[in-house]
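Commentary on secondary and tertiary structure
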Amino acid sequence: MINGIQFKVCGLTRARDAQAAAAAGADYLGFIFYPKSPRCIRFERYRDIQPRLPDVPKVAVTVAPDLYTLSQLEGAGFDYFQIHFPLGLAEEIPAWSKLVGKERLWLAPKMPPQGELDPRWMEFADGFLWDAFKKDASTFGGTGSLSDWESFRQMRQRYPEKRWILAGGISPENAAEALAQTGATCLDFNSSLEIEPGVKDLERISQVRVSLSEAPSGNS
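In short, a report on the structure. Keep in mind that this is a model prediction, so the values were computed, not measured.

What counts, and at which threshold
- Residues numbered from 1 in each chain as written.
- Predicted model: local features only at pLDDT ≥ 70, side-chain atom pairs only at ≥ 80, totals over all residues.
- Heavy atoms only, no water.
- Helix = DSSP H or I, 4+ residues; strand = E, 2+ residues; numbered from the N terminus.
- Rg over C-alpha atoms; globule rule 2.2 N^0.38 Å.
- Buried < 20%, exposed > 50% of the residue type's maximum accessible area, 1.4 Å probe, protein only.
- Pairing = 2+ DSSP bridges.
- Axes fitted to C-alpha atoms, helices over the stretch in contact; angles between N-to-C directions.
- Parallel < 35°, antiparallel > 145°, perpendicular 65-115°, else oblique.
- Left-handed = near helix turned anticlockwise from the far one by under 90°.
- Contact = heavy atoms within 4.5 Å.
- Nonpolar A, V, L, I, M, F, W, Y, C, P; charged D, E, K, R; others polar.
- Phe/Tyr/Trp six-rings, centres within 6.5 Å; stacked < 30°, edge-to-face > 60°.
- Expected span 1.5 Å × (residues − 1).
- Arc of directions from axis to C-beta.
- Polar contact = N/O pair within 3.5 Å; in protein donor to acceptor, adjacent residues only side chain to side chain.
- Salt bridge = Lys/Arg side-chain N within 4 Å of Asp/Glu carboxyl O.

Another aspect to go through is the overall build of the protein. If you tally the helices and strands in the protein, you get seven helices and 10 strands. For 220 residues, the compact-globule formula gives about 17 Å, and the C-alpha radius of gyration of the protein, at 16 Å, lands near that figure. Projecting the C-alpha coordinates of the protein onto the three principal axes gives extents of approximately 40 × 40 × 30 Å. Sorting the 220 residues of the protein into buried and exposed places 55% on the buried side.

Side-chain alternation along strand β8 (residues 186-189) places C186 and D188 on one buried face and L187 and F189 on a second face that is also buried. Taken together, the four bridges between strand β1 (residues 6-9) and β8 define a ladder with parallel strand orientation. Bridge pairing links V9 to F189 in β8.

What follows concerns the packing of helix α1 (residues 15-23) against helix α7 (residues 202-214). Look at α1 against α7: their axes get within 9 Å of each other, and the N-to-C directions meet at 20°. If you check the angle between α1 and α7, you find them roughly parallel. Note on packing geometry: the crossing formed by α1 with α7 is right-handed. Within the contact between the two elements, α1 uses R16, D17, A20, A21 and A23 and α7 uses L202, I205 and R209. Among the residues making up the contact of α1 with α7, the classes are represented as five nonpolar, no polar and three charged.

Turning next to unusual backbone geometry. At N3, a position not held by glycine, the phi torsion is positive, near 60°. Tracing the backbone through its elements, the reader meets N3 in the segment before β1. The backbone of A64 sits at a positive phi, close to 40°, despite the residue not being glycine. Of note, A64 is situated in the loop between β3 (58-63) and α3 (67-74).

Describing an aromatic ring pair means giving the distance of the ring centres and the angle of the ring planes. Taken as a whole and judged by the stated rule, the model has 15 aromatic pairs. What links up through ring pairs into an aromatic cluster is the set F31, F33, F43, Y46, F78 and F81.

Taking 1.5 Å of rise per residue, 13 residues should cover 18 Å, and α7 covers 19 Å from first to last C-alpha, within 8% of that figure. For α7, the set of buried residues is R204, I205, V208, S211 and L212. The arc that holds the buried residues of α7, viewed along the axis, is 110°, so those residues lie on one side. A distance of 2.9 Å separates the backbone nitrogen of E203 from a side-chain oxygen at the start of α7, and that oxygen is part of D201.

Okay, helix α5 (residues 149-158) next. Every buried residue of α5 is listed here: W149, S151, F152, M155 and R156. Here the buried residues of α5 occupy an arc of 160° about the axis, which is enough to place them on one side. Tucked inside the fold, the buried residues of α5 contact β6 (127-130), β7 (163-166) and α6 (175-182).

For the rest of this paragraph, the subject is the pattern of salt bridges. Inspection of every chain in the model, using the stated rule, returns 12 salt bridges. Ionic pairing is found between K102 and D126, a salt bridge with its closest N-O pair at 3.8 Å. Of this pair, K102 sits in the loop between α4 (93-100) and β5 (105-109) while D126 sits in the loop between β5 and β6; the two residues are 24 residues apart in sequence, bridging distant segments of the chain. One salt bridge in this structure joins R120 and D118, with 2.7 Å as the shortest N-O distance. For R120, a relative accessible area of 61% corresponds to the exposed category.

What follows is the structure, encoded as structure tokens:
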């Protein structure tokens, strides 16, 4: 946490990048297991680098997983599970929650602009990640586009007891503005920190610490 703000570095595929994120103060490290993502890390590759990863909470990121896939990730020792899904698969939420526990589940629905979360989801997850929306059926985050900040702000105010993570084009350059406009207390950095998909720029990672240190504190 920096200046009262938590942040996650997502799309990690290398141990050195994860170590740099931890050194910069990252609260969460995100690893994507969605095969269609250019930042996907194979499960076997994750197991290879796992012994060299820093002692920072780790988030398994996936898209509408079947229970076998989710149980495999659960067995790998992840602290949280960030599940993206199209709204048509919302009926799977109770099963995901039962498997990993609501306290470890972060739901990331593919929500169109001005969309609102279904209140029934609240009993199944303690975390919600708000990402950019793309009509492309295979695209779930990682686009570099901004999400709907106003809808995020409204949902966060409506359900203040939940953990809210703002994603979608968050960068060292716009982090302060995002915090001021949304009241977010947790930001997700991904493509803005890259040299190429899945390969982080270590200098850009260090800039996150500077950006958050200089941002106004006391968001609510």
